[in-house]
Amino acid sequence: MSNASRILVADTPEGVEAFRAALATPFDLVAVGTFERAKTALAAPPALVVCGCHFDEGRMYDLLRYLKATPGLQQVPFMAVRAMQGELEDALYESVKIAVRALGGNAFVDLLRWQRRWGEAEASHRLTHLVQTLVNAAGADSA
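Reading guide: rules and limits
Residues numbered from 1 in each chain as written. Predicted model: local features only at pLDDT ≥ 70, side-chain atom pairs only at ≥ 80, totals over all residues. Heavy atoms only, no water. Helix = DSSP H or I, 4+ residues; strand = E, 2+ residues; numbered from the N terminus. Rg over C-alpha atoms; globule rule 2.2 N^0.38 Å. Buried < 20%, exposed > 50% of the residue type's maximum accessible area, 1.4 Å probe, protein only. Areas by Shrake-Rupley, 256 points an atom, 1.4 Å probe, with all protein chains shown as cover. Pairing = 2+ DSSP bridges. Axes fitted to C-alpha atoms, helices over the stretch in contact; angles between N-to-C directions. Contact = heavy atoms within 4.5 Å. Parallel < 35°, antiparallel > 145°, perpendicular 65-115°, else oblique. Left-handed = near helix turned anticlockwise from the far one by under 90°. Nonpolar A, V, L, I, M, F, W, Y, C, P; charged D, E, K, R; others polar.

**Considering the overall build of the chain**
For the chain, the helix and strand inventory stands at five helices and five strands. Beginning at the N terminus, the succession of helices and strands in the chain can be written as β-α-β-α-β-α-β-α-β-α. Over its C-alpha atoms the chain spans a radius of gyration of 14 Å, differing by no more than 12% from the 15 Å that the globule rule assigns to 143 residues. Dimensions of the chain, computed from C-alpha atoms along their principal axes, come out at roughly 35 × 30 × 25 Å. Put simply, the chain has 143 residues, and 44% of those count as buried. Carbon together with sulfur atoms contributes 54% to the accessible area of the chain, which is approximately 7,200 Å² in total.

**Section: the sheet that holds strand β4 (residues 78–82)**
Pairing is parallel in the open sheet, where five strands are placed in the order β2-β1-β3-β4-β5. Unpaired on one side and paired on the other, β2 (28–32) and β5 (107–110) mark the two borders of the sheet. Between one strand and the next, the sheet's axes are offset by a mean angle of 20°, whatever the strand orientation. Where strand β1 (residues 6–10) lies against β2, five bridges are found, and the strand directions are parallel. Considered in β2, the bridge of I7 is made with L29. Strands β4 and β5 of the sheet are contacted by helix α4 (residues 93–102), whose axis makes an angle of about 160° with β5.

**Re the packing of helix α3 (residues 60–69) against α4**
The N-to-C vectors of α3 and α4 enclose an angle of 20°; their axes lie 10 Å apart at closest approach. Here α4 runs roughly parallel to α3, going by the angle between their axes. Crossing geometry of α3 relative to α4 is assigned as right-handed. Along its contact with α3, which presents M60, Y61 and L64, the element α4 presents V96, A99 and V100. Of the residues assigned to the contact of α3 with α4, the class counts are six nonpolar, no polar and no charged.

**Notes on unusual backbone geometry**
You will see that D56, though not glycine, has its phi angle at about 40°, which is positive. Note that D56 resides in the loop between β3 (48–52) and α3. With a relative accessible area of 22%, D56 lands in the partly exposed category. Although it is not a glycine, E57 sits at a positive phi angle of roughly 55°.

Here's what the structure looks like:
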């Protein structure tokens with residue numbers, strides 16, 4: 001597949017698999033587990049960067065800042081995702097959403113909350129739709 005449809009997923013192996021399993025349709029996912037590997041993978045700009053809240057011991061914001069500060073990557077959409085349980089309480093993820101937007105990110109998905117609220121099938125549908133919308137927007141920007 002071309003880079004236009006490639007999605008970089010920066011998260012723990014468990015987070016990547018939870019994200020992949022939640023998608024209703026397959027995408028060309030490139031998984032990375034460290035900030036350094038993410039920077040290397042970004043040499044070929046993807047259509048979307050998805051970053052888990054547990055990425056590389058809390059380096060999600062570092063990755064977002066790097067993306068928005070690097071020429072040629074600034075228009076790549078960024079979506080933060082909580083795909084696994086962690087130390088933070090559910091209510092604290094609202095602050096993650098605010099911070100991601102403030103730093104130039106496009107979306108934050110609390111997948112666990114979505115699955116509890118709407119069930120796995122509806123959460124999967126909503127996640128897939130959001131991912132496709134962001135990928136399409138990235139393609140429109142480069143056209």
